[in-house]
Amino acid sequence: MNEPYLELVCPAGTPAALRAAVDAGADTVYCGFRDETNARNFPGLNFDRREMKEGIAYAHAKGRKVLIAINTFPKAGNAQPWHRAVDDAHSLGADAIILADIGLLDYAHRTHPGQRLHLSVQAAASNASAIAFYRDRFDVKRVVLPRVLTVDEIAKLTREIGVETEVFAFGGLCVMAEGRCALSSYLTGTSPNSQGACAPASHVRYDEEGGKLLSRLGGITINSFEKNEPAGYPTPCKGRFVADGKTSYLFEDPVSLNTIDILPQLKAAGVKALKIEGRQRGKAYVAEVVGTFRKAIDQLAGGHGGAVGAGALSQHSEGGRQTTGAYKKSWR
Amino acid sequence: MSQTTRHLELPARLAGLALRPMPPKALEPLLGLAMRLVERRHPRLIERLAELAPARIVIEPRDTHHRFLIDINEGSAPVRLMLAHEDDEAQATISGRLATLIDLMEGRIDGDSLFFTRELTVTGDTALIVALRNTLDGEEISVLDDVLAFLGPFATPAARLIAVADDMAKRLALRAQDGLRSLHDMAHDQRGPEAEADALRAEISGLKTRLSKLETRAAKNKEAAPA
């Protein structure tokens, strides 16, 4: 087949989720170690070294790939845990390591030449010059693009940079400043970028008050949901605040990205891989979302695109709503 | 995942009904038995839960009128039934329908999706609930398989019985769905029964005309056909 193949890259927060992703039809699974070296450092989640080894063996036995995300930024004077994570990911047989920090990319490239490296969305590289730097300096083979670009911009960029592009296809949306967002840190003192948890659960509280559900982060009320109103995560960027006497979502609504309806455009733009977000979600989410996208991609490859609609996944969407985000950006 | 794994909506509802009037003293031995079963079948789960120690989490199946306390200590995670007005002193509480909680435990439903749709309520230490959810989700649990394993030689006939009950429940559910649809159609039918009978008569008359024309055409064709 001469047509570009859309690789389905799926999340796994636990070994069970990894198996669920592989069984549901993922081409590739991405996951991380159980520490602050990856951007989903939540309690009870992620892989120890033995689990990672077993997970890679399971995926490889079925002809699938495993990518290890080491995509937080090492702390000043204590890069050792991040270096060890890179060394271990390499020796465990990761098909690629996903990195964001420029120093860590340098370490990985020098220490393990030949190890395939991907540039994490956390690096926030969204223009040809930035991506070319990572490509030329560290031999990065793929870039995960930030969710700020339109499909036309992705097509233009993909033609220019000469490395594979991976885009987010489904899941939570950030406020479009990956790797640079400090909103959560202001309320919790914990950084998503260096400690791996935006709105860490240890700082989250849900309270029922006056028939409403209040979500709080670091003691600050982020949102108030009416009875039976779909709820969202208490991330500060998706909070409802009062400004000029008006209550509204100032930055972003609780809503999930879903690209099922624009897969043909993404494929035509030359995108190599589609990333499903959600390493913090359960294996039921992984199985259903992966299965649905598998079907949609296969139908597209067979010339029958559009048979699977975006509505199929609305129950898994934050706030029960979905968007194509910046891909079909109508604002300036 | 095991072949015997199936949706437990009906059995869970029945269990919920059965649990409602049960006195705590009668439930305690059952709980103890269930815990020994979990410890035997999922030693790794207990190991992972112990990492959360010390922790006290209350589980509230809304449809049973009972509350359960998981008291996680190093090396153990006993579950105990709480008294009606007992002050729990728990760090966190999770509440939802029994069937939903079982589905969640078996990893059949995504906890976040349940939270978005408000089917699940979480109060107290969210980190503890997230850790418990992730720990359970990492384990391959099937309540049905666990119970069947406990039954030993009776597992096969029990599985057959459950399969029959499950099929019956599905058929009943389908029939109820059809009935509801008919009721809905009747309720929303603006024409009334007489108008509907007229419409049927007209349809039959039309069909008779078409049949008669077809018979005439067939007879003509037969006459015209060469011998």
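Residues numbered from 1 in each chain as written. Chains lettered and ligands numbered in written order. Predicted model: local features only at pLDDT ≥ 70, side-chain atom pairs only at ≥ 80, totals over all residues. Heavy atoms only, no water.

1. Topic: the overall build of chain B
Move 1: Along its length, chain B carries nine helices and five strands.
Move 2: Reading chain B from its N terminus to its C terminus gives the helix and strand order α-α-α-β-β-β-β-α-α-β-α-α-α-α.
Move 3: Scored against the burial criterion, the 227 residues of chain B give a buried share of 36%.
Move 4: Once local pairs closer than 6 in sequence are excluded, the contacts in chain B between residues at least 24 apart make up 64%.
Move 5: If you sum the accessible surface of chain B, you get close to 14100 Å²; carbon and sulfur atoms cover 61% of it. (Helix = DSSP H or I, 4+ residues; strand = E, 2+ residues; numbered from the N terminus. Buried < 20%, exposed > 50% of the residue type's maximum accessible area, 1.4 Å probe, protein only. Contact = heavy atoms within 4.5 Å. Areas by Shrake-Rupley, 256 points an atom, 1.4 Å probe, with all protein chains shown as cover.)

2. Points about the sheet that holds strand β9 (residues 212-217) of chain A
The strands that make up a sheet are held in pairs by hydrogen bonds between backbone atoms, and each pair lies either parallel or antiparallel.
All names here are of chain A.
Move 1: Ordered by their spatial adjacency, three strands build an open sheet running β8-β9-β10, and the pairing between neighbours is antiparallel. Taken across any chain shown, the strands that pair with only one partner, and hence form the sheet edges, are β8 (204-209) and β10 (220-225). Each adjacent strand pair in this sheet contributes to an overall mean axis angle of 25°, direction not counted.
Move 2: In the sheet, β9 pairs with β10 via five bridges, with the strands oriented antiparallel. Bridged to L217 within β10 is I220. (Pairing = 2+ DSSP bridges. Axes fitted to C-alpha atoms, helices over the stretch in contact; angles between N-to-C directions.)

3. A few points about the environment of R84 of chain A
Residues and elements named next belong to chain A.
Move 1: Here R84 shows up in helix α3 (residues 80-92).
Move 2: On the basis of relative accessibility, which here comes to 40%, the residue R84 falls in the partly exposed class.
Move 3: Counting along the chain gives 47 residues from R84 to T37, while the straight-line C-alpha distance between them is 9.8 Å.

4. Some points on the packing of aromatic side chains
All names here are of chain A.
Move 1: Across all of its chains, the model carries seven aromatic pairs over all chains by this definition.
Move 2: With 6.4 Å between their ring centres and 45° between their planes, Y134 and F138 make a pair best called tilted. Highlighted residues: Y134 and F138, both in helix α5 (residues 128-138), separated by four residues, approximately one helical turn.
Move 3: Geometrically, the ring pair formed by F170 and Y285 is tilted, given 6.2 Å between the ring centres and 45° between the ring planes. One end of the pair, F170, is in strand β7 (residues 164-172); the other, Y285, is in helix α10 (residues 283-301), and 115 residues separate them in sequence.
Move 4: A relative accessible area of 1% means that Y285 is categorised as buried.
Move 5: Following the ring pairs from residue to residue traces out a cluster consisting of F133, Y134 and F138. (Phe/Tyr/Trp six-rings, centres within 6.5 Å; stacked < 30°, edge-to-face > 60°.)

5. Notes on the interface of chain A and chain B
Interfaces are frequently sized by the accessible area removed from exposure as the parts join.
Move 1: Taken together, the contact between chain A and chain B spans 36 residues of the former and 30 residues of the latter.
Move 2: Between chain A and chain B, a total of about 2600 Å² is buried, with carbon and sulfur atoms accounting for 50% of that surface.
Move 3: Contact with chain B buries surface across chain A, with P43, Y206 and K283 of chain A losing the most and accounting together for 23% of the total.
Move 4: Where chain A touches chain B, the interface holds two salt bridges.
Move 5: Linking chain A to chain B there are 15 residue pairs in polar contact (both at pLDDT 80 or more).
Move 6: For the side of chain A that touches chain B, the secondary structure elements donating two or more residues are α1 (15-24), α2 (49-61), β8 and α10 of chain A. (Buried area = accessible area lost by both parts, 1.4 Å probe. Salt bridge = Lys/Arg side-chain N within 4 Å of Asp/Glu carboxyl O. Polar contact = N/O pair within 3.5 Å; in protein donor to acceptor, adjacent residues only side chain to side chain.)

6. Topic: helix α4 (residues 98-105) of chain B
Residues and elements named next belong to chain B.
Move 1: With seven of its eight residues buried, α4 lies for the most part within the structure.
Move 2: When α4 is considered as a whole, its buried residues turn out to be L98, A99, T100, L101, I102, D103 and L104.
Move 3: Looking at the residues trailing α4, positive phi occurs at G107, about 75°.

7. Describing the confidence of the model for chain B
Residue and element names in this part refer to chain B.
Move 1: Looking at chain B, pLDDT values average 74 and 61% of them are 70 or higher.
Move 2: Ranking the elements of chain B by mean pLDDT puts helix α1 (residues 9-19) last, at 60, and strand β4 (residues 92-96) first, at 90.
Move 3: Taken as a whole, residues 1-7 scores under 50 in pLDDT and shows 18 contacts with residues more than four places along the chain or in a different chain.
Move 4: Scored as a whole, the predicted complex attains pTM 0.78, and scored at its interfaces, ipTM 0.82. (pLDDT = per-residue confidence, 0-100.)

8. Overview of the pairing of strand β2 (residues 28-31) of chain A
All names here are of chain A.
Move 1: Residues T28 and Y30 line one face of β2 and the alternating positions V29 and C31 line the opposite face, and both faces are buried.
Move 2: Sheet topology places strand β1 (residues 7-11) next to β2; three bridges connect them, and they run parallel. Residue pairing in the sheet places P11 in a bridge with Y30 of β2.
Move 3: Where the polypeptide runs from β1 across α1 and back to β2, its parallel neighbour, the crossover connection is right-handed.
Move 4: Pairing of β2 with strand β3 (residues 65-70) involves four bridges; the strand directions are parallel. Directly across from Y30, in β3, lies its bridge partner L67.
Move 5: Each parallel crossover has a hand, and for β2 linked through α2 to β3 it is right-handed. (Right-handed = clockwise from strand over helix to strand, strands pointing away.)

9. Brief notes about the nonpolar core
Move 1: Counting 77 residues, the largest nonpolar core has I70, L99, L266, L274, I276, F293 and Y327 of chain A as the members making the most contacts within it.
Move 2: By residue number, the principal contributor to this core is α10 of chain A, which donates eight residues.
Move 3: If sequence neighbours within four positions are ignored, I276 of chain A has contacts with L8, V9, C10, P11, Y30, A169, F170, Y285, V289 and F293 of chain A.
Move 4: Membership of the second largest hydrophobic core comes to 34 residues, among which are A199 of chain A together with A55, I59 and A92 of chain B. (Core = buried A, V, L, I, M, F, W, Y, C linked by side-chain atoms within 4.5 Å.)

10. Some thoughts on the environment of R201 of chain B
Move 1: Summarising the element assignment, R201 of chain B is placed in helix α9 (residues 192-224).
Move 2: At 2.6 Å, the side chain of R201 of chain B and the side chain of D198 of chain B are in polar contact.

11. Considering the state of the cysteines
Throughout this description, disulfide means a covalent bond between two cysteine sulfur atoms.
Residues and elements named next belong to chain A.
Move 1: The final tally for this structure, using the stated rule, is zero disulfides over all chains.
Move 2: Here C181 stays free of any disulfide, with the sulfur of C237 as its closest cysteine sulfur at 6.2 Å.
Move 3: Here C237 stays unpaired: no disulfide links it, and the sulfur of C198, its closest cysteine neighbor, is 6.0 Å away. (Disulfide = S-S within 2.5 Å.)

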